[in-house]
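Summary of structural features
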Amino acid sequence: MLDIINEHIKKVESFTADSIDKIEEFRIKYLGRKGMLVQLFDEFKTIPAEQKREYGQKLNELKNKLTEKINLLKAGMTSGQTPSSDIDLTMPAETVTIGTRHPLSIVRNEILEIFSRIGFIISEGPEIEDDWHVFSALNFPKEHPARDMQDSFFIQKEPDILLRTHTSSVQVRVMEKQKPPIRTISPGRVYRNEAISARAHCLFHQVEGLYIDENVSFADLKQDLLYFVQEMFGKDTKIRLRPSFFPFTEPSGEMDISCKLCGSKGCKICKHTGWVEIMGCGMVDPNVLEFNNIDSTKYTGYAFGMGIERITMLKYQIDDIRLFFENDVRFLQQFESCW
Ligand code: DAH
């Protein structure tokens with residue numbers, strides 16, 4: 001009988017099948033109610049007691065080999081054979097919800113990436129600031145309206161602690177720690193005490209740029225901003241600088257880009273001028289350099305600041321700033337997936 005069992009073990013080991021029916025046939029032949037294994041176990045009862053151990057082990061080996069083989073065949077794992085399976089591969093998979101990046105994050109990353117290509121290093125500062133970093137060190141006069149409760153969110157008066165109204169405060173933090181050459185770009189959230197509307201919000205995001213070295217000129221500013229704008233909005237984008245005023249730059253300017261929406265023909269977005277304003281900029285006021293212990297006879301610099309919401313609205317033709325803060329998935333799902 002041992003020889004018979006060994007024979008079966010060999011047969012089981014070499015058995016292959018290319019269809020689920022053949023596997024089932026094989027299973028019934030060995031493991032069915034009237035199958036080979038049942039017969040062998042019946043015969044086993046007649047074996048003398050002293051041989052039972054040896055026979056029992058062999059029979060168990062056969063049984064284990066059988067179940068192993070059948071499982072392997074069913075899983076389509078035998079030597080290159082792929083038996084048809086009863087798994088329905090056409091069944092719809094469970095849906096996995098994948099998040100999308102927030103449009104403001106997409107545009108912030110793009111801005112930082114463009115400036116880092118021309119040597120700008122990212123720096124950040126706190127959102128809760130003191131008077132010195134937001135106003136005084138940036139040459140704001142004492143009576144400037146931004147220093148008023150009406151325009152800024154104060155946490156404490158005298159000494160004044162407030163939510164920063166612009167990322168220009170990071171300029172001061174960088175100048176405190178580092179001496180020229182400085183070439184830095186500072187993204188961050190800013191706060192202003194404004195009525196919320198389609199065009200204004202009490203919180204928004206800015207990116208600030210600062211470049212200080214010997215012989216930095218207005219031509220550098222213009223050329224670097226042109227590079228940025230053409231990388232961001234396309235090579236055919238034009239820029240226009242208009243004189244303006246900021247306490248921390250002299251001369252100061254506001255920069256417009258040619259309207260992408262109407263091809264400068266005139267539309268609602270550009271208020272029929274063909275141009276849209278995207279940032280403030282200028283040459284760092286020598287007072288600001290001196291306040292921060294930088295020799296203004298040796299060094300000059302330029303600075304610029306832009307709102308990320310504004311750039312994003314232009315890039316994606318979004319007409320209401322409030323959409324960025326409402327977290328409506330129908331809006332957010334339209335942007336680049338995280339994967
Ligand atoms: N801080 C200004 C604002 O919030 C923007 C700005 C204008 C930043 C001119 C600058 C600059 O660095 O040179 O409106």
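Residues numbered from 1 in each chain as written. Predicted model: local features only at pLDDT ≥ 70, side-chain atom pairs only at ≥ 80, totals over all residues. Heavy atoms only, no water.

1. Some points on the site of the ligand
- The environment of the ligand is formed by 15 residues, the closest being His 166, Ser 168, Arg 192, Gln 206 and Glu 208.
- Side-chain polar atom of His 166 to a nitrogen atom of the ligand: 3.0 Å apart, as the coordinates give it.
- Separating a nitrogen atom of the ligand from a side-chain N or O atom of Ser 168 is a distance of 3.0 Å.
- When the ligand is considered free in solution it has 350 Å² of accessible area, and contact with the protein chains removes 90% of it.
- Elements with a contribution of two residues or more to the shell around the ligand: helix H7 (168-177), strand E6 (203-213), strand E9 (275-284) and strand E10 (300-307).
- Taken together, the residues that form the shell around the ligand break down as 5 nonpolar, 8 polar and 2 charged. (Near = heavy atom within 4 Å. Polar contact = N/O pair within 3.5 Å; in protein donor to acceptor, adjacent residues only side chain to side chain. Areas by Shrake-Rupley, 256 points an atom, 1.4 Å probe, with all protein chains shown as cover. Helix = DSSP H or I, 4+ residues; strand = E, 2+ residues; numbered from the N terminus. Nonpolar A, V, L, I, M, F, W, Y, C, P; charged D, E, K, R; others polar.)

2. Overview of empty space enclosed by the protein
- Scanning the entire structure with this criterion turns up 1 cavity of 30 Å³ or more.
- Here the largest cavity defines a volume of roughly 40 Å³.
- Contributing to the lining of the largest cavity are Phe 233, Ile 257, Ser 258, Cys 259, Lys 260, Leu 261, Val 276 and Leu 314.
- Class assignment of the residues belonging to the lining of the largest cavity gives a composition of 6 nonpolar, 1 polar and 1 charged. (1 Å grid on protein atoms, 1.4 Å probe; cavity = no way out; pocket = protein on both sides within 12 Å on 5 of 7 lines; lining within 4 Å. Points joined across faces, edges and corners; volume = space filled by probe spheres on them.)

3. Let's talk about the layout of surface pockets
- The space that makes up the second largest pocket amounts to roughly 290 Å³.
- Leu 104, Ser 105, Arg 108, Arg 189 and His 205 are the residues nearest the centre of the second largest pocket, which is lined by 14 residues in total.
- At the level of elements, helix H5 (103-117) and strand E5 (182-191) are the ones that each hand at least two residues to the lining of the second largest pocket.
- Tallied by class, the residues present in the lining of the second largest pocket amount to 5 nonpolar, 5 polar and 4 charged.

4. Structural notes on the environment of Ile 308
- Mapped onto the fold, Ile 308 is located in helix H10 (residues 308-316).
- Looking at Ile 308, the relative accessible area reads 2%, which means it is buried.
- Separated by 121 residues in sequence, Ile 308 and Pro 187 place their C-alpha atoms 8.7 Å apart.
- Contacts of Ile 308, omitting those with residues within four sequence positions, involve Leu 104, Val 107, Arg 108, Ile 111, His 205, Gln 206 and Val 207. (Buried < 20%, exposed > 50% of the residue type's maximum accessible area, 1.4 Å probe, protein only. Contact = heavy atoms within 4.5 Å.)

5. Looking at the sheet that holds E9
- If you walk across this open sheet you meet the 7 strands as E1-E5-E6-E10-E9-E8-E7, and the pairing is mixed. Looking at which strands have only one partner, the edges of the open sheet turn out to be strand E1 (121-122) and strand E7 (239-246).
- In the sheet, E1 pairs with E5 via 2 bridges, with the strands oriented parallel. Pairing of Ile 121 across the sheet is with Thr 184, part of E5.
- Strands in contact with H7 are E5, E6 and E10; relative to E6, the strand with the most contacts, it is inclined by about 40°. (Pairing = 2+ DSSP bridges. Axes fitted to C-alpha atoms, helices over the stretch in contact; angles between N-to-C directions.)

6. Looking at the pairing of E6
- Most of E6 is tucked away, with 9 of its 11 residues classed as buried.
- The sheet contact formed by E5 and E6 spans 10 bridges and is antiparallel. What sits directly across from Thr 184, in E6, is Leu 210.
- Two elements, E6 and E10, share 8 bridges in a ladder whose sense is antiparallel.

7. Describing the nonpolar core
- With 43 residues, the main nonpolar core has Ile 111, Phe 115, Phe 228, Ile 257, Phe 304 and Met 306 as its most contacted residues.
- Within the residue set of this core, elements represented by two or more residues are H5, E6, helix H8 (218-233), strand E8 (249-258), E9, E10, H10 and helix H11 (329-332).
- The greatest single-element share of this core, amounting to 7 residues, is contributed by H5.
- Among all residues touching Phe 115, those that are not within four sequence positions of it are Phe 120, Ile 185, Leu 225, Phe 228, Phe 304 and Met 306. (Core = buried A, V, L, I, M, F, W, Y, C linked by side-chain atoms within 4.5 Å.)

8. So, the pattern of salt bridges
- All told, the structure shown has 21 salt bridges when counted by the stated rule.
- Arg 173 is the salt-bridge partner of Glu 129, the closest N and O atoms lying 2.8 Å from each other. Taken as a pair, Glu 129 in strand E2 (residues 128-130) and Arg 173 in helix H7 lie far apart in primary sequence, 44 residues in all.
- Lys 260 is paired through a salt bridge with Asp 236; the nearest N and O atoms lie 3.0 Å apart. Of this pair, Lys 260 sits in the loop between E8 and E9 while Asp 236 sits in the loop between H8 and E7, and the two are 24 residues apart along the sequence.
- Relative accessible area serves as the criterion here: at 33%, Lys 260 is assigned to the partly exposed category. (Salt bridge = Lys/Arg side-chain N within 4 Å of Asp/Glu carboxyl O.)

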